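Fold and geometry: a report
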Amino acid sequence: MSTITTCYGDIDTAIMARLAKIKLLAFDVDGTITEGGVYLDNTELEFKKFYTKDGYGLHHLNKSGVICAAITGRKARLMERRMAELKLNHLIQGEWDKETALTNLCKQLNIDLDEAACIGDDLNDLPMFKIAGVTACPHDAHPYMQKIATLVMDYDGGKGAVRQFCDLIMMAQGKLNYDGGPLE
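The paragraphs below set out a description of the structure included in this document. All figures in this text were calculated on a predicted structure; none of them were measured in a lab. (Residues numbered from 1 in each chain as written. Predicted model: local features only at pLDDT ≥ 70, side-chain atom pairs only at ≥ 80, totals over all residues. Heavy atoms only, no water.)

The subject of this paragraph is the pattern of salt bridges. One pass over the full model with this rule turns up 10 salt bridges. One salt bridge in this structure joins E85 and R82, with 3.1 Å as the shortest N-O distance. Of this pair, E85 and R82 are both found in helix α3 (residues 77-86), three residues apart, which corresponds to roughly one turn of the helix. Given the relative accessible area of 42%, E85 is considered partly exposed. The closest approach of N and O atoms between D125 and K98, which form a salt bridge, is 2.5 Å. (Salt bridge = Lys/Arg side-chain N within 4 Å of Asp/Glu carboxyl O. Helix = DSSP H or I, 4+ residues; strand = E, 2+ residues; numbered from the N terminus. Buried < 20%, exposed > 50% of the residue type's maximum accessible area, 1.4 Å probe, protein only.)

Right under this line is the structure:
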């Protein structure tokens, strides 16, 4: 097996070749770009903690030309705010059929499913995993997700997993150095 050494360790050359073709990154919310906890008050308020390094990774990946889209079964107004802050234009909320959501989004954007990557942490993300060209999960994902993912990230959900995946895509596409530093 041939590998490429990155700041995240050695990555299989074949996987890097697949990442080089990615045009869309679909990501789950709870447990993937957040730690998975949801804070509810006695009214209708809901709180989630977002890791700014994951946000920067998504923003930077999107800015580099890879479309980033959240696909989540829950609905939360705060996701609209977070997506706007990151300048990400595709948010699909309240959709439990993630296979259909990803398929429809790819059709809308004229992107082949093998050009789509996804990252998710639990069994509700399986429908996306079945059809995406490359899949990843956080280090603390459900054991079955770790078993079937193309890549298991070194970091937990809401604590850098998404940033690592974004960086690997940009490295594979020649938009970021393998050491994690910017191109010169």
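Once that is clear, we can look at helix α7 (residues 161-172). Each full turn of the α-helix corresponds to 3.6 residues, which orients residues three or four apart in the same direction. Over its 12 residues, α7 extends 17 Å from the first C-alpha to the last, a length consistent with the 16 Å expected when each residue adds 1.5 Å. For α7, a buried count of 11 out of 12 residues is recorded, marking the element as mostly surrounded by other parts of the structure. Looking only at α7, the buried set comprises A161, V162, Q164, F165, C166, D167, L168, I169, M170, M171 and A172. One or two steps after α7, the chain reaches G174, where phi turns positive at roughly 70°. (Expected span 1.5 Å × (residues − 1).)

Grouped together as the largest cluster of nonpolar side chains are 36 residues, with contacts concentrated most on L19, L25, F27, L58, I119 and F165. Within the residue set of this core, elements represented by two or more residues are α1 (13-19), β3 (24-27), α2 (52-63), β6 (67-71), α3, β8 (116-119), β9 (134-137) and α7. When sequence neighbours within four positions are dropped, the list of residues in contact with F27 reads I33, L58, C68, A69, A70, I71, M83, L88 and I119. Residues I71, C106, I111 and M128 belong to the second largest nonpolar core, which totals 19 residues. (Core = buried A, V, L, I, M, F, W, Y, C linked by side-chain atoms within 4.5 Å. Contact = heavy atoms within 4.5 Å.)

It is worth spelling out the sheet that holds β6 at this point. Spatially, β7-β6-β3-β8-β9-β10 is the arrangement adopted by the six strands of the open sheet, whose pairing is parallel. A single partner strand is all that each edge strand has here, and the edge strands are β7 (90-92) and β10 (151-152). In the packing of α7 onto the sheet, the strands contacted are β3, β8, β9 and β10, and the crossing angle to β8 comes to about 160°. (Pairing = 2+ DSSP bridges. Axes fitted to C-alpha atoms, helices over the stretch in contact; angles between N-to-C directions.)

Taken as a whole and assessed by the stated rule, the structure comprises one aromatic pair. For the pair Y8 and Y155, a centre-to-centre distance of 6.5 Å together with 85° between the ring planes defines the contact as edge-to-face. Here the residue Y8 occupies a position in the loop between β1 (3-6) and β2 (9-12), and Y155 occupies one in the loop between β10 and α7, the gap between them amounting to 147 residues. Relative accessible area serves as the criterion here: at 18%, Y8 is assigned to the buried category. (Phe/Tyr/Trp six-rings, centres within 6.5 Å; stacked < 30°, edge-to-face > 60°.)

Moving on, we come to the state of the cysteines. Should the sulfur atoms of two cysteines be covalently bonded, the bond is a disulfide. Applying the stated criterion to the full structure yields zero disulfides. Among the cysteines around C118, which has no disulfide bond, C106 carries the closest sulfur, lying 9.9 Å off. (Disulfide = S-S within 2.5 Å.)

A contiguous nonpolar patch, built from Y39, L45 and F47 and spanning about 340 Å² of accessible area, is present on the exposed surface. By the element assignment, L45 lies in the loop between β4 (39-40) and β5 (46-47). (Patch = residues over 30% accessible without salt bridge, like charges linked within 9 Å, V, L, I, M, F, W, Y side chains within 5 Å. Areas by Shrake-Rupley, 256 points an atom, 1.4 Å probe, with all protein chains shown as cover.)

The alternating pattern of β3 places L24 and A26 on one face and L25 and F27 on the opposite face, and all of these are buried. Sheet topology places β3 next to β8; four bridges connect them, and they run parallel. Pairing of L25 across the sheet is with A117, part of β8.

With that settled, the discussion passes to the pairing of β1. Along any regular strand the residues' side chains alternate between the sheet's two faces. Burial of β1 is one-sided: the residues I4 and T6 facing one way are buried, the residues T3 and T5 facing the other way are not. By the bridge criterion, four bridges tie β1 to β2 in an arrangement that is antiparallel. The partner of I4 across the bridge, within β2, is I11. Where β1 folds back onto β2 in an antiparallel hairpin, the turn is made up of two residues.

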